[in-house]
Every structure is written in C-alpha cells, then in structure tokens.
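Chains, contacts and geometry: an overview
The primary structure of each chain is shown beneath.
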Amino acid sequence: MTQARGPGAGADAGPGVGTGARTEISAAGLPQWLAPVAAVAEQVLPEELSRFLPPAAGGRQSAVLILFGEGEGTEDPSAGSGSSAAYGPGPDLLLIERSAALRSHAGQPSFPGGALDPVDGDPEGEGPLRAALREAEEETGLDPAGVQVFGVLPRLYIPVSGFVVTPVLGWWRDPSPVGVVDPAETARVFRVPLAELTDPANRATLVHPSGFRGPAFLVGGALVWGFTAGLIDKVVQFAGWERPWDQERLVPLG
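Residues numbered from 1 in each chain as written. Predicted model: local features only at pLDDT ≥ 70, side-chain atom pairs only at ≥ 80, totals over all residues. Heavy atoms only, no water.

Regarding the overall build of the protein chain
Broken down by element type, the protein chain carries 5 helices and 12 strands. In the protein chain, which comprises 254 residues, the proportion classed as buried is 51%. A separation threshold of at least 6 residues defines the contact pool for the protein chain, and within that pool the share at least 24 residues apart is 72%. About 10500 Å² of surface is accessible on the protein chain, with carbon and sulfur atoms providing 53% of the total. (Helix = DSSP H or I, 4+ residues; strand = E, 2+ residues; numbered from the N terminus. Buried < 20%, exposed > 50% of the residue type's maximum accessible area, 1.4 Å probe, protein only. Contact = heavy atoms within 4.5 Å. Areas by Shrake-Rupley, 256 points an atom, 1.4 Å probe, with all protein chains shown as cover.)

A few points about the sheet that holds strand E12 (residues 250-252)
The strand order E11-E10-E9-E12 describes an open sheet built from 4 strands, whose pairing is mixed. In the strand order of this sheet, the two ends are held by strand E11 (222-224) and E12, each with one partner. Between one strand axis and the next, the sheet turns through 40° on average, direction left out of account. Running at roughly 85° to strand E10 (residues 213-219), helix H5 (residues 226-238) makes contact with strand E9 (203-207), E10 and E11 of the sheet. (Pairing = 2+ DSSP bridges. Axes fitted to C-alpha atoms, helices over the stretch in contact; angles between N-to-C directions.)

Examining the confidence of the model for the protein chain
Per-chain confidence: the protein chain averages 86 in pLDDT, with 81% of residues scoring 70 or above. Between residues 1-16, whose pLDDT stays under 50, and residues either more than four places distant or in other chains, the model counts 67 contacts. Segment residues 81-85 is flagged for pLDDT under 50; beyond a separation of four residues in sequence, or across chains, it makes 9 contacts in the model. (pLDDT = per-residue confidence, 0-100.)

Okay, structure coming up:
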C-alpha cells in the first residue's frame, strides 16, 4: 500500500515487526521522567485529548507511534532552556515530515504511523501496536526491537481523512539510526528535544484558512500543527511539563 496511508505513509510489513519487535505493553524500567506520561495513558479520557472522537461505526483504523528518546542526556523536560536559541541534551520526540506528494496530510510534520494492514492483526488487540511499529520502521528505518511500548492513548478521530487513530506510546530503549527510507512518502525524519517543545518561545496558536484554531509548535525548522500538535499539547499538559505560553500569539497557515 502506498499513498493513502493516513497519519504516516507506509508500504507492506517489513521484516522487523514480528521478529524482534516487542508488542506487549510494559512500563517496567522506564526512566523516571517518563512516569507522568505512563500515568496519562492509564487515566486520560478521550474527550480530554480531542473534541473529535471516533464514530460509532466506520472510519479507517490506524495508529501512530509517539516515540520518546533519551537524546544525549537526561535533563528534566519540564525545566526547559529558558531560551529558544539553544537547547541542551535531553529527552526528545521522533517526528517525520510527510512528502508533499501524498494525498493525505501532505507536507505535514507528524508522528510515524499509518493505517492498519491485515498483517497487523486484530484492531481490538495488538493490531495498533504492530501497525505503529511497522509504519515507523518503514518510514524512518528504526529497529522496532529497540522500542518498548509502555502505553496506549484512547482512540481519536481525524475528520478530514476519516482515520480512527490509536496513539501508541513508546520508549526508545535501544536507539537505532533513522532517516528517510522512501522520499515519495517521507520528506524528513527529525528528533525534537522536549525542552524545545515546552519552550514558550516556540509555542503559538495556528489559524487555518477554514477558521480552525489549534496549538502549534515552531520547532526543528518546521511548523507542527493539526492532529500531531494537538496530541503533543495534551501530553505536555497532562504530564505536567507545560510552561505558561502566549495563546494569543497567532500563526496563520499558508
């Protein structure tokens, strides 16, 4: 499968998932700074994450991987740097920029991910976990065996594309090299420090031509908005990492 992959583009299942990938959910051995995120997964309600909830029937099942890495250090993400000019080593998130040639969410920064394939198995079971890891491998080249899935957030809905999305939380326990695998689907792969995401200087409210307004992050040389920014915003908020920022700072799209 190619372009109509949804939150993250991908192809057929790669060899990593099913051979070395860990699809069980476990919070054992997580670094202490990730404990608040694991707690969010256990307590948060769907309506606390988004006003767009899955319909009673229909929608295309998909999953995204919210992958936290240690970066090159162990800084507390809530501390921030106090400046948008430079960021020290510390925890980060893996993001991609989707190819401008895709039919769905073209050119947008996003989490790795995409629609479930039959090879992923039961959408009510391990299917979303397998899909998130498989798509991340296909889009970034990461080794899924190095990812520890420690939680799953409630399913959400993207009305513009009809995707029912399961956000899968991962800890990059054993990092592997990543980069663009297929330029037709992924334009860029990049890691963003959490200190950069929580810096008030990098936060704004995006104004879409349709009138929609939502959180945005100006990080890594990209404008992160829409579904991805909304999830980051909520994770940062509920994990207790949010720092006061100017919600009246408007950034028009386009």
